[in-house]
Amino acid sequence: MACILCVASLFLSLAKLSIGQREVKIQEGPLYRAEGYPVSISCNVRGHQGPSTQDFEWSVYLPTAPTREVQIISTKDASFSYAVYAQRVRGKEIYVERLQGNSVLLHISKLQMRDAGEYECHTPNTDGKYLGSYSAKTNLTVIPDTLSATMPSQTLSKKEGEPLELTCEATKATAQHTHLSLTWYLMHEGGSQAMEIISLSRDFLLAPGPSYADRFMGGDVRLDKLGATSFKLSIGRLQPSDQGQLFCEATEWIQDPDEVWTLITRKQTDQTALRIQPAARDFEVNITARSSPAEGKPLELICLVVDSGGDLQLQGIWFLNGKEIAQMDAGGVLDLKRDYRDRASQGQLQVSKLSAQAFSLKIFSVGPEDVGAYSCEVAEVVKTPAGSWQVLQRKQSPVSQVQLKELSARSVTVSAEQWAVWEGEALALLCKAGGAEGPLSVSWWLIPQDKTTPVFVAGMGQAGTVQLGVSSPGPRHRSNRRLEKVDWATFRLEIGSAVVTDSGTYECRVSERLQNQAKDFQWTQKISVTVKSLKSSLQVNLMSRQPQVTLTHTFGLSCIVRANSSAPKLPFSVTWQFQPAGSGAFQRLIRVTHNGTVEWGDILSQFHGRTKVSQSLFHSQLQIYDAALEDTGVYQCKVEGYDRNSLYTDGPARVSATSNLLRITVTFPESKLRVNSSSQVQELSISSSTHIGCAILSRSAGNLPLSITWYFSPTPTNVSYLKILETDQTNVVKYGDVFQTPRSKQKFHSEKVSQDLFLLNILNVEDSDQGHYHCAVEEWLLSMNGTWKKLERKTSGLTELKLRPTGVSSQVLTCWLLGSREEGRPKAVQGTLI
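Residues numbered from 1 in each chain as written. Predicted model: local features only at pLDDT ≥ 70, side-chain atom pairs only at ≥ 80, totals over all residues. Heavy atoms only, no water.

(A) Structural detail: the overall build of the protein chain. Of regular secondary structure, the protein chain possesses 7 helices and 64 strands. A buried classification covers 43% of the 834 residues belonging to the protein chain. The long-range fraction of contacts in the protein chain, counting pairs at least 24 apart against all pairs at least 6 apart in sequence, stands at 60%. Of the roughly 42900 Å² of accessible surface on the protein chain, a fraction of 50% belongs to carbon and sulfur atoms. (Helix = DSSP H or I, 4+ residues; strand = E, 2+ residues; numbered from the N terminus. Buried < 20%, exposed > 50% of the residue type's maximum accessible area, 1.4 Å probe, protein only. Contact = heavy atoms within 4.5 Å. Areas by Shrake-Rupley, 256 points an atom, 1.4 Å probe, with all protein chains shown as cover.)

(B) Region of the structure containing the sheet that holds strand 26 (residues 349-355). Read from one edge to the other, the open sheet built from 4 strands follows the order 21-22-27-26, with strand pairing classed as antiparallel. The strands lining the two open edges of the sheet, one partner per strand, are strand 21 (284-288) and strand 26. Averaged over all pairs of adjacent strands, the angle between strand axes in this sheet comes to 15°, irrespective of strand direction. (Pairing = 2+ DSSP bridges. Axes fitted to C-alpha atoms, helices over the stretch in contact; angles between N-to-C directions.)

(C) Region of the structure containing the pattern of salt bridges. Taken as a whole, this structure holds 32 salt bridges when the rule is applied. The salt bridge involving Arg275 is made with Glu189; its shortest N-O contact spans 3.3 Å. Of the two residues, Arg275 sits in strand 20 (residues 272-277) while Glu189 sits in the loop between strand 13 (178-187) and strand 14 (195-200), which places them 86 residues apart along the sequence. In the salt-bridge network here, residues are joined through shared partners; they are Glu417, Arg482, Glu484, Arg492 and Glu494. (Salt bridge = Lys/Arg side-chain N within 4 Å of Asp/Glu carboxyl O.)

(D) Quick look at the sheet that holds strand 41 (residues 538-543). The strand order across the open sheet formed by 4 strands is 41-43-48-47, and the pairing between neighbours is antiparallel. For this open sheet the edge positions go to strand 41 and strand 47 (611-615), each flanked by a neighbour on one side alone. Averaged over neighbouring strand pairs, the angle between their axes works out to 10° when direction is ignored.

(E) Molecular detail of the state of the cysteines. Applying the stated criterion across every chain, the model contains 6 disulfides. Note on cysteine connectivity: Cys168 is disulfide-linked to Cys248, with sulfurs 1.9 Å apart. One end of the pair, Cys168, is in strand 12 (residues 164-171); the other, Cys248, is in strand 18 (residues 244-255), and 80 residues separate them in sequence. Residue class for Cys168 comes out buried when judged on its relative accessible area of 0%. A relative accessible area of 0% places Cys248 in the buried class. One disulfide in the model links Cys431 with Cys508; its S-S distance is 1.9 Å. (Disulfide = S-S within 2.5 Å.)

(F) View of helix 2 (residues 83-90). Restricting attention to buried positions, one finds in helix 2 the residues Tyr85, Ala86, Arg88 and Val89. Check the buried side of helix 2 and you find it contacts strand 4 (57-61), strand 5 (70-74), strand 6 (94-100) and strand 7 (103-108). At the C-terminal side of helix 2, Lys92 shows a positive phi close to 65°.

(G) Region of the structure containing the packing of aromatic side chains. On inspection of all chains with the given rule, the structure shows 9 aromatic pairs. Ring centres of Phe578 and Tyr635 lie 4.6 Å apart, and the angle between their planes is 40°; this geometry places the pair in the tilted category. Placement of Phe578 in strand 44 (residues 572-580) and of Tyr635 in strand 49 (residues 633-641) is noted, with a sequence separation of 57 residues between them. Of the residues examined, Tyr635 reaches a relative accessible area of 0% and is grouped as buried. One aromatic cluster is present, formed by Phe555, Phe578, Phe607 and Tyr635 through successive ring pairs. The ring of Tyr61 is capped by Lys137, whose NZ or CZ atom sits 4.3 Å from the centre of that ring. (Phe/Tyr/Trp six-rings, centres within 6.5 Å; stacked < 30°, edge-to-face > 60°. Lys NZ or Arg CZ within 6 Å of the ring centre and 35° of its normal.)

(H) Examining the side chain of Asp220 more closely. Considering the arrangement of structural elements, one finds Asp220 in the loop between helix 3 (213-217) and strand 16 (221-226). Classification of Asp220 by relative accessible area gives buried; the value is 16%. Excluding residues that lie within four positions of it along the chain, Asp220 makes contacts with Arg215, Ser234, Ile235, Gly236 and Arg237.

(I) The environment of Gln615, seen in detail. Secondary-structure assignment places Gln615 in strand 47. In this structure the C-alpha to C-alpha distance between Gln615 and Phe572, which are 43 residues apart in sequence, comes to 9.8 Å. A distance of 3.5 Å separates a polar atom in the side chain of Gln615 from a polar atom in the side chain of Ser620. (Polar contact = N/O pair within 3.5 Å; in protein donor to acceptor, adjacent residues only side chain to side chain.)

(J) Layout of the environment of Ala416. The residue Ala416 is located in strand 31 (residues 412-416) in this model. The class of Ala416 is buried, set by a relative accessible area of 16%. Separated by 12 residues in sequence, Ala416 and Ala428 have C-alpha atoms that sit 6.0 Å apart. Setting aside its immediate chain neighbours within four residues, Ala416 contacts Ala428, Leu429 and Ile527.

(K) Structural detail: the pairing of strand 45 (residues 587-592). With 5 of 6 residues buried, strand 45 is to be regarded as a mostly interior element. In this sheet, strand 45 lies alongside strand 44 in antiparallel orientation, the contact comprising 5 bridges. Across the sheet, Val574 pairs through a bridge with Val592, a residue of strand 45. Here strand 44 folds back onto strand 45, and the loop between the two strands holds 6 residues, one of which, Gly582, carries a positive phi near 90°.

(L) Expanded view of the nonpolar core. With 34 residues, the main nonpolar core has Leu542, Leu557, Cys559, Trp576 and Tyr635 as its most contacted residues. Of all elements in the fold, only strand 41, strand 43 (555-563), strand 44, strand 45, strand 48 (619-624), strand 49, strand 50 (655-658) and strand 51 (662-667) reach the threshold of two or more residues within this core. Filtering out sequence-adjacent residues up to four positions away, Leu557 remains in contact with Leu542, Met543, Ser544, Trp576, Ser620, Gln621, Leu622, Tyr635, Leu662 and Ile664. Within the second largest apolar cluster, 28 residues are counted, among which are Cys431, Leu446, Ala489 and Trp523. (Core = buried A, V, L, I, M, F, W, Y, C linked by side-chain atoms within 4.5 Å.)

(M) The arrangement of the confidence of the model for the protein chain in detail. Overall, the predicted model of the protein chain reaches an average pLDDT of 86, with 89% of residues at or above 70. Of the regions scoring below 50 in pLDDT, residues 1-19 engages in 5 contacts with residues more than four places distant in sequence or in other chains. (pLDDT = per-residue confidence, 0-100.)

(N) Representation of the environment of Trp419 in the model. The topology assignment puts Trp419 in the loop between strand 31 and strand 32 (420-422). Beyond its immediate sequence surroundings of up to four residues, Trp419 is in contact with Ile527, Ser528, Val529 and Thr530.

(O) Spatial organisation of unusual backbone geometry. For the bond from Gly29 to Pro30, the omega torsion is 5°, close enough to zero to count as cis. Tracing the backbone shows Pro30 in the loop between strand 1 (23-26) and strand 2 (31-34). Even without being a glycine, Lys92 presents a positive backbone phi close to 65°. Of note, Asn321 is a non-glycine position whose phi angle comes to about 55°, a positive value. Note on placement: Asn321 falls in the loop between strand 23 (314-320) and strand 24 (323-328).

Rendered as structure tokens:
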């Protein structure tokens, strides 16, 4: 029963281990490798915990002591190796290559027979507890190297086109099942790497090397197996490129348990030195050149090989008047004589090989020293075993005579897109040279009107470098100039925004300097151009239909621009200026720019909110509403025209004109104020109350504010009138100096019955109140600066106030019947109240 429980516990433990357990795998064996050759054994671990990079320890169990572990190498501990392997580990004959953090290769560079045994790969525990497997084993068997590859060492001399056969013997005596592969190689003289000719793989497949693929497909190169151990290389027609050291290499392969074929041995034979005598070929050499180039022009001579009948290795030699000047060998190495070496280093001369059968001599600027008889010599060469070139045959070209062409005179024509332009327009001039194409330079000069000395405007050298002169002041004008090359013979001068001082006679000077010449050849032509002033074409008039304006009315000003019909239509800005009455300086009122932007002046804020400006191409109108006395003064408009250059560069205006002066006078309106002027008498009892009327018969338009002032002259009449009280235009009541007492203010007070009738109420009439009363009416205007202006003053008729003698019970009462008018004035009815 206890055993059953133990077995159950064991299976339960194994089931737990299967979940996330460590597993080490080593390359499957047995592995067979040959003595003296390398071996690589792979090992990896998975399912582990801890760091991703795991350590590995390699050991071997030798056949002589199969239970005794012999430590070889560790990735963790440098002192892990036993003495028998320590020296080979230190010498890097045995080492571990890490492929990944959990995968490595054990490398033994040169196997010994005593290296056979069972190899173990162990991974130290990095898990929290032991779970899974930590090592794995594989068997390695070291077998003797039995491979042999032989071919007698010899030297063969062949002619180009002859056949070649070489045989290589390859044998092996390995007990295990292995395959052989065999490859023929060619090593050229001085080469460091052998070139593959043809090979037979371990799977018995033939494959040519890259350089022999075409000849293999054509049947010129073959590899045949003769019996079990002989391999014959056959080349039907030898070529010069086949010269060198030939050998064959045999390789033995074994298939591991993982079905991967692995090289275990390799042997090379002795070399056969092959010398090939190239066959001579007939060919001809021709030379081509331009026989009469102009001085300073390029010259190219081409030496061409024709009818060669095959691929040749050629070198070319150039001669001038029978003397060698340059040589280029078949490998492309150039040799120049001293004078020509200096010219080549300065970029004046070039010798090159255009193709396998064409050589080029190029002189970029021909001079007198290049005149003469040119010829070229072509030699067919072959490379000797020592690395030098052996000449097989030479061929000479015919002579080509080179002479310089005489320079012919050039014609120069100058034209203008427009003979006369307006100021601000573009001025474009063309200068065209005739004759044969060549490197030219050009300069433009201006002789201003009424002057004789030319001024430099712009120039362009043969290399295309442009230089600008200064004939008009200011960098802005200089930047408007542009000189460009339309083609080799045509030069265009453009002044983007011409000014009047650009008028005059323009002269184009075309120059040509030939190589090695001390002076320039020059040709000139002139043209006259006029730049018309815009100022003379512009007039500005300022007009108004109302030079005299009534206060609070609207007045308008018109700024009219008159321009010459042929002048360009420039965008304008208009500035309105104003000189107030009594001031000596004009101030900016408002400015309308060419694009419609409105800019107010900083000082004349009185116009804000009651000014309107409109503008078209040739007309600007300023309207001012609700005219004020402060608007009296002199008005003026200034017009500024802008060309495209001024607009793009934010420069000053191209032209400006100022209008005539226009005086505007703002006057008071004619007053319509009328007050009842009839006289009256009131007889009252003492201590009674009464009122005196002030009737407005007519008023000015707009119901202007009024001030009402009441005056009193006591009896006798020789006393001057005293001011009782005033209700000003803002309805503020002020009492006169004599009537400042509380009693007087209680007795007298003013009353507004309607817009046209005002009353002075008098309470508790006393003897001292007897006298003459009247009112003064004033019309007022409020100016833009907040001050009041008096428009008119009218006084009413006198009203006499008397006290009735004691005992008389009747009272005279004057009653103003409101709403009843006669001839435009209130109707007064006087009666006696009993």
